[in-house]
Amino acid sequence: QVQPVESGGGLVQAGDSLRLSCVASGRTLSTYAMAWFRQAPGREREFVAAITWTSGTTYFLNSIKGRFTISRDSAKNTVYLQMNSLQPGDTAVYYCAARGTYCFGYMCEVDYDSWGQGTQVTVSS
């Protein structure tokens, strides 16, 4: 099984940028896609972005398109979430997740089976 470990969270001001990293260890050869989710206080966890490991196909939550990008470095088993123009509404715990099964389109927003512990992102106004 893959074990994701997130880093890079912190406290920033509105308009700032932040890059989250997620290093995957374990059975990384079995990974089909990796994704970022977030959970704000009092709200359900929501999908943010995903990337397929081999082809690099990306998927995004509509509300963050144009501000966030997701990328991967296969040699480092690392996925990144670059977040620009951060807003207070982006405040949440951000989780990295991995899945070993094929997905396409909206399927890549669900059914992840390996999760990291999360990293806090706080955006002040």
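Residues numbered from 1 in each chain as written. Predicted model: local features only at pLDDT ≥ 70, side-chain atom pairs only at ≥ 80, totals over all residues. Heavy atoms only, no water.

Student: Please provide a residue-by-residue account of the sheet that holds strand 1 (residues 2–7), values included.
Tutor: Spatially, four strands are ordered 1-3-8-7 in an open sheet, and the strand pairing comes out antiparallel. Every interior strand has two partners, whereas the edge strands, strand 1 and strand 7 (68–73), have only one. Here the average twist between neighbouring strands, direction ignored, is 20°. For strand 3 (residues 18–26) and strand 8 (residues 78–83), the ladder comprises six bridges, and the chain directions are antiparallel. Bridge pairing in strand 8 places Leu20 opposite Leu81. (Pairing = 2+ DSSP bridges. Helix = DSSP H or I, 4+ residues; strand = E, 2+ residues; numbered from the N terminus. Axes fitted to C-alpha atoms, helices over the stretch in contact; angles between N-to-C directions.)

Student: Give a detailed account of the nonpolar core, specifying residues and quantitative values.
Tutor: Side chains that are nonpolar tend, in soluble globular proteins, to be buried together. Counting 28 residues, the largest nonpolar core has Trp36, Leu81, Met83 and Tyr94 as its most contacted members. Secondary structure elements with two or more residues in this core: strand 3, strand 4 (33–39), strand 5 (46–52), strand 7, strand 8, strand 9 (92–99) and strand 11 (119–124). Non-local contacts of Tyr94, meaning those with residues more than four positions away in its chain, are made with Glu6, Leu20, Trp36, Phe37, Arg38, Val48, Phe68, Leu81, Met83, Gly118, Thr119 and Val121. Phe37, Ala97, Cys103 and Cys108 belong to the second-largest nonpolar core, a separate cluster that totals ten residues. (Core = buried A, V, L, I, M, F, W, Y, C linked by side-chain atoms within 4.5 Å. Buried < 20%, exposed > 50% of the residue type's maximum accessible area, 1.4 Å probe, protein only. Contact = heavy atoms within 4.5 Å.)

Student: Mind laying out the pattern of salt bridges, listing which residues take part and the relevant values?
Tutor: For the coordinates displayed, the defined rule picks out three salt bridges. A salt bridge links Asp90 to Arg67; its shortest N-O distance comes to 2.8 Å. In this pair, Asp90 is assigned in the loop between strand 8 and strand 9 and Arg67 in the loop between strand 6 (58–60) and strand 7, connecting sequence segments 23 residues apart. Arg67 matches Asp90 in its accessibility class, with the two residues each being buried. Three or more residues joined by partner-sharing salt bridges are found here, namely Arg38, Glu46, Arg67 and Asp90. (Salt bridge = Lys/Arg side-chain N within 4 Å of Asp/Glu carboxyl O.)

Student: Quick rundown of the pairing of strand 3? Include the residues and the values.
Tutor: Bridge analysis of strand 1 against strand 3 gives six bridges, and the strand direction is antiparallel. Paired with Glu6 across the bridge in strand 3 is Cys22.

Student: Residue-level account of unusual backbone geometry, with values.
Tutor: Within the chain, Ser85 stands out as a residue other than glycine whose phi angle is a positive 50°. Position of Ser85 among the secondary structure elements: in the loop between strand 8 and strand 9. Taking relative accessible area as the criterion, Ser85 reaches 41% and is therefore assigned partly exposed. The phi torsion at Asp111 lies on the positive side, around 65°, for a residue other than glycine. The residue Asp111 is located in the loop between strand 9 and strand 10 (114–115) in this model. Since its relative accessible area comes to 60%, Asp111 is described here as exposed.

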